[in-house]
Amino acid sequence: FGSHFTSMPIVLFDTPQRNLLYPFTCTRAVAGIRAGIFTIKERWEKLAGQQAYVLTAPYLQAIYPDLPAREKILVNASVIPDEGLVTLVLNLQMGEAVIKDGEIIAAASPAGKDWSIHTIVPEKFKKQVPYDSALRKIIYPWHIFQLNDALIRSDFELITAGRVPQPTACGHGWTAPENIFIEEGALLSHCFINASEGPVYLAKNAIIMEGCMIRGPFAMGEGSVLKMGARVYGATTLGPYCTAGGEIKNAVFMGYSNKAHDGYIGDAVVGEWCNLGAGTSGSNVRNDAAVIYMNTGQLPNIAAGLKCGLLMGDYSRSAINTSFNTGTFAGIASNIFGQGLTPRYLPDFTWGFTQRYIFDKAVEHIANWKKLKHRSLEPADIQILEHLYKQTIL
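Anyway, here's the lowdown on the structure attached to this text. Here the structure is a predicted model, which is why all the values come from computation and not from measurement.

1. Quick notes on the nonpolar core
For soluble globular proteins, the rule of thumb is that nonpolar side chains tend to be buried together.
No. 1: Ranked by internal contacts, the top residues of the largest apolar core, which has 67 residues, are W44, W142, I144, L311 and F349.
No. 2: Apart from residues no more than four positions distant in its own chain, W44 is found in contact with I10, L12, G49, V75, V79, P81, L85, V86 and V89.
No. 3: A176, I248, A268 and V270 belong to the second largest nonpolar core, which has 38 residues in total.

2. Some thoughts on the pattern of salt bridges
No. 1: Overall, the coordinates contain 14 salt bridges when judged by the stated rule.
No. 2: The closest approach of N and O atoms between R28 and E272, which form a salt bridge, is 3.8 Å. With R28 in the loop between strand 1 (10–13) and helix 1 (40–48) and E272 in strand 20 (residues 264–272), the pair connects residues that are 244 residues apart, well separated along the chain.
No. 3: A relative accessible area of 6% means that R28 is categorised as buried.
No. 4: One salt bridge connects R163 with E183, and the closest N-O pair in it is separated by 2.6 Å.

3. Thoughts on helix 7 (residues 379–391)
No. 1: If you check helix 7, its first and last C-alpha atoms are 19 Å apart, about what 13 residues at 1.5 Å a residue would give, namely 18 Å.
No. 2: Here helix 7 has its buried residues at D381, I384, L385, L388 and Y389. Buried residues along helix 7 cover an arc of 140° about the axis, so they all sit on one side. Helix 7 presents P379, Q383 and K390 as exposed residues on the side facing more than 90 degrees away from its buried surface.
No. 3: Buried residues along helix 7 sit in contact with helix 2 (58–61), strand 32 (355–356) and helix 6 (359–372).

4. Concerning the pairing of strand 4 (residues 96–100)
No. 1: Burial analysis of strand 4 places five of its five residues in the buried class, which makes it a mostly covered element.
No. 2: Of the two faces of strand 4, the one holding E96, V98 and K100 and the one holding A97 and I99 are both buried throughout.
No. 3: Two elements, strand 4 and strand 6 (residues 127–130), share four bridges in a ladder whose sense is parallel. Residue pairing across strands places V98 opposite V129, the latter belonging to strand 6.
No. 4: When strand 4 meets strand 5 (residues 103–109), the two strands line up antiparallel, connected through four bridges. Pairing of K100 across the sheet is with E103, part of strand 5.

Rules behind the numbers
- Residues numbered from 1 in each chain as written.
- Predicted model: local features only at pLDDT ≥ 70, side-chain atom pairs only at ≥ 80, totals over all residues.
- Heavy atoms only, no water.
- Core = buried A, V, L, I, M, F, W, Y, C linked by side-chain atoms within 4.5 Å.
- Buried < 20%, exposed > 50% of the residue type's maximum accessible area, 1.4 Å probe, protein only.
- Contact = heavy atoms within 4.5 Å.
- Salt bridge = Lys/Arg side-chain N within 4 Å of Asp/Glu carboxyl O.
- Helix = DSSP H or I, 4+ residues; strand = E, 2+ residues; numbered from the N terminus.
- Expected span 1.5 Å × (residues − 1).
- Arc of directions from axis to C-beta.
- Pairing = 2+ DSSP bridges.

On their own, these measurements won't tell you what the molecule is for.
What follows is the structure, given as structure tokens:
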């Protein structure tokens, strides 16, 4: 890629529209959203060959490294990069900004400028270059599963280019094994993999137990487990350290989350540190097959298409046999249980269907769940939760 400016650090910035990605941007910058194999930040780092920094809402900034003070390239974090865009971005001249639909895609900033997510606007840059090619952006949460098919394919090319997969003894009866890439330490028992419709990527130390049936495109993060007899349709991503079972279709589990038992989840996004109790299922199609409109209370009704299932924020859990309604928003840090279909909007820190979680209890329970995966709840995470708790009205 562009040689003379590659030393300029890349800063992936959120825009004021970050709240449209509720509930996933409550607890992370836009750059931390996983779709395909990588998070947006990991994809930029892989393509640009350098570390990327993050500029987000002030209450979240503490969990990211400090921004370099020197000149830098600012990049809109909602944009999905490809090689062409990365080359363009790395070759920006100082004071130049790439603009599409009145919004900055990328800009080269001089040293010493103090930016916030509200101040990165076209008029701050002396030269504005229009971007005429098509762009893929993650603006609403359902874009995560809608783009997952294309992103698994392109990420698979990126991560496997010029590499040889680990040999495996159990590939008999697999379809299109040339589209299957297994990293070192991944363990597979007798399972069926059909990669004719899309690639299958298994990260290191992933485990697929016997009897699993998988159709690509499918990606499995480091240390994730697919339990016996699981049925997985494309395009599905299990982030690192997830446990999955039952039936899953076109869903993204961002990491450290469990859907370990029977039940169906489709056209869905589940954040980190979530747990779906045994028998939990989510509807992804309305009974009248009409367009699904999404509404969190703050936003006008927005059409998400004909299929949209559960959108669950970090640290939330459902009791056994929970039935999620079509197109349900479940906020962060909720303990969801009750009779009948869930409400279509469960605010952050929901207890049951309508009560409010007591904050100290919520934190204690999250810490307990983290311990199960040998992690701990950091003081910075608790501060973020406290900030969000004060914003939440039930």
